[in-house]
Amino acid sequence: MLIFEHAHPGRRAHAQAPYNAPAADDLPADMLRQTPPLLPETSELDVVRHYTGLSQKNFSIDTQFYPLGSCTMKYNPRACNSLAMLPQFLGRHPLADESTGQGFLVSMYELQEMLKEVTGMAGVSMAPMAGAHGEFAGVAMIRAYHDARGDTARREIIVPDAAHGTNPATATMCGYVVKEIPTDRQGNVDLEALKAAVGPQTAGLMLTNPSTLGVFEKTIVEIQKIVHAAGGLSYYDGANLNAILGRVRPGDMGFDVIHMNLHKTFSTPHGGGGPGAGPVGVSERLIPFLPIPYVINERDFYRWAVEADVPQSIGRMSAFGGNMGVLLRAYVYARMLGGRGMQRVAEFAALNANYLAVELKTAGFELAFPERRASHEFIVTLKKLKDETGISAMDFAKRLLDYGFHAPTTYFPMLVPECLLIEPTETESKETLDAFVQAMIAVKREAESQPDLVKTAPHKLPSRRLDDVKAARELDLVWKAA
Amino acid sequence: MSNIPTNLKYTKSHEWVRLETDGSVAVGITQHAQDLLGDMVFVENPVVGRQLAAGEECAVVESVKAASDVYAPVAGEVLAANADVEASPESINQDAYAAWMFTLKPANADDLDGLMDAATYAAHVESEAH
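Residues numbered from 1 in each chain as written. Chains lettered and ligands numbered in written order. Predicted model: local features only at pLDDT ≥ 70, side-chain atom pairs only at ≥ 80, totals over all residues.

## Section: the overall build of chain B
Okay, so step 1: Within chain B, the regular secondary structure consists of four helices and nine strands.
Okay, so step 2: Element order for chain B, N to C, with α for helix and β for strand: β-β-β-α-β-β-β-β-β-α-α-β-α.
Okay, so step 3: A compact globule built from 130 residues would reach a C-alpha radius of gyration of about 14 Å, and chain B, at 14 Å, matches this within 12%.
Okay, so step 4: Its C-alpha atoms give chain B principal-axis dimensions of roughly 35 × 30 × 25 Å.
Okay, so step 5: Of the contacts made within chain B by residues no fewer than 6 positions apart, 64% connect residues no fewer than 24 positions apart. (Helix = DSSP H or I, 4+ residues; strand = E, 2+ residues; numbered from the N terminus. Rg over C-alpha atoms; globule rule 2.2 N^0.38 Å. Contact = placed C-beta atoms within 7 Å.)

## Structural notes on helix α12 (residues 393–402) of chain A
Residue and element names in this part refer to chain A.
Okay, so step 1: Burial runs high along α12: eight of the ten residues are buried.
Okay, so step 2: Along α12, the residues that are buried comprise A393, M394, D395, F396, A397, K398, R399 and L400.
Okay, so step 3: Packing partners of the buried residues in α12 comprise β12 (409–410), β13 (419–422), α13 (430–449) and α14 (451–455).
Okay, so step 4: Just past α12, the residue G404 takes up positive phi, approximately 85°. (Buried ≥ 20, exposed ≤ 12 C-beta atoms within 10 Å, placed from the backbone.)

## Comments concerning the sheet that holds strand β11 (residues 378–381) of chain A
Hydrogen bonding along the main chain pairs the strands of a sheet, whether they run parallel or antiparallel.
Residues and elements named next belong to chain A.
Okay, so step 1: Taken in spatial order, the four strands of this open sheet run β10-β11-β13-β12, and their pairing is antiparallel. The strands lining the two open edges of the sheet, one partner per strand, are β10 (366–367) and β12.
Okay, so step 2: In this structure, β10 lies alongside β11, joined through two bridges in antiparallel fashion. Along β11, the bridge assignment pairs L367 with V380.
Okay, so step 3: Across the face of the sheet, helix α10 (residues 324–362) comes into contact with β10, β11 and β13 while running at roughly 20° to β11. (Pairing = 2+ DSSP bridges. Axes fitted to C-alpha atoms, helices over the stretch in contact; angles between N-to-C directions.)

Here it is in structure tokens:
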């Protein structure tokens, strides 16, 4: 039910109206609205009940285990929120003189430095305001680099088939042609296919490591040699950085550009449409092309870099300093963890994923890559169950909701049929993981004994099975008065 | 094993190809492909007159699970696009082999010999299932 459907003509919430609101009586008459705006007429209590009710229906990391693979839905510590909400941060005007905002600027500078250190990159800009924005910045820098050298025949970006769907989209948006290469049966990039794909037309390679198959590219050094020898640059998609944080550095692996999803690895809130933050890190040769603004330190005076400082920059990607509130939360998170804490993030992310993988395998689930150690997420395939019982990964996922667990990612990566991509993250306890295993076993039993129960799930949620086919075919997003 | 008619030719990327009496070919996606993708919600066909290279991405099918590219099985010119399939994407789920997406005038009729027959395609589907 929408707030508009609670409306009743003439109903008001006076308590929220501004006291002594100044009348804007100097507006030209022809600019004045002749009809009242279409707003829901509701009482304050109607509003409170409506939104409280919606929040109670919400399935979130604050209420339930959320093992959504590739999304890193981990707990967002409350301290990050409290400190980023300090009035000294919230009350800053973005146009205020830099001399009055040194505390904020030094926080941003330190975050840049910490991101450089933990990824092994030579320069960082935090201007991009989402993962996809960061990806765009990264590939735009690859293009700017080749263009600046007059090396304009490089038109292709190589993307393995296990890549994030955003990678080919980003390359295309930057004006490149995408060349897809396969992965082998172990989930690694097919080196022979890579060798055959590179050449003088290669602008770069986009890679996620660990990949979306949840395994670490063992031949990463070899891959880098092949791409660099062909004159291409390599791009690291930071979607799975959580798995290697503080343990292995993309810079040491030889990557030229990376983006980091702070809303994943650095625990800022996400999943509700943002706001996110997608800082980019670069190797030495790409520093001149970094997007602005970023913070520079001039003899301990901190200020934003502007166009005149970096004439070769790919440009300004945010009017002010990126998503400052999100960056502040990430800064507090990084400061609370420290260097050793970041290593523990990766250790426990890997430990939890491997524990869960082994427990599920022992319980009779089929792992897509049983010989490979999980990095921080892993794939279960339900193909056999589907063939035997007709229960699909989607049915299975819906039934898990009834057990109080958010479903893992389904049908991604597309290479594995009827798959669940499971990422527990480091913030979950053994008890939660064990309870999840029990729920998985229970749903599997139900699939075998009472398939109709699973096919019609969920049964206990405010909404039952949604008709996503109808929703996609007959998109209806705008409320209209009956 | 899913339905694989013996009168059609096939590609590795799961398109079916039917040779018409006038030498043109009709192209769609196989029963197996629609089974993997699930309920179709959107189809985008190439514009008539477009010249396609063999293996070129030329159409898109989108299901509730994923969007997937459709590739030109052979080089040629697009003669027609099936507006009925665009209007009713579910027709692919109902009968994949009746729901042709577009027709091509092959640049070289011999290119069709490079496509798979039903038995070879069946083995290909089997090998992909691991």
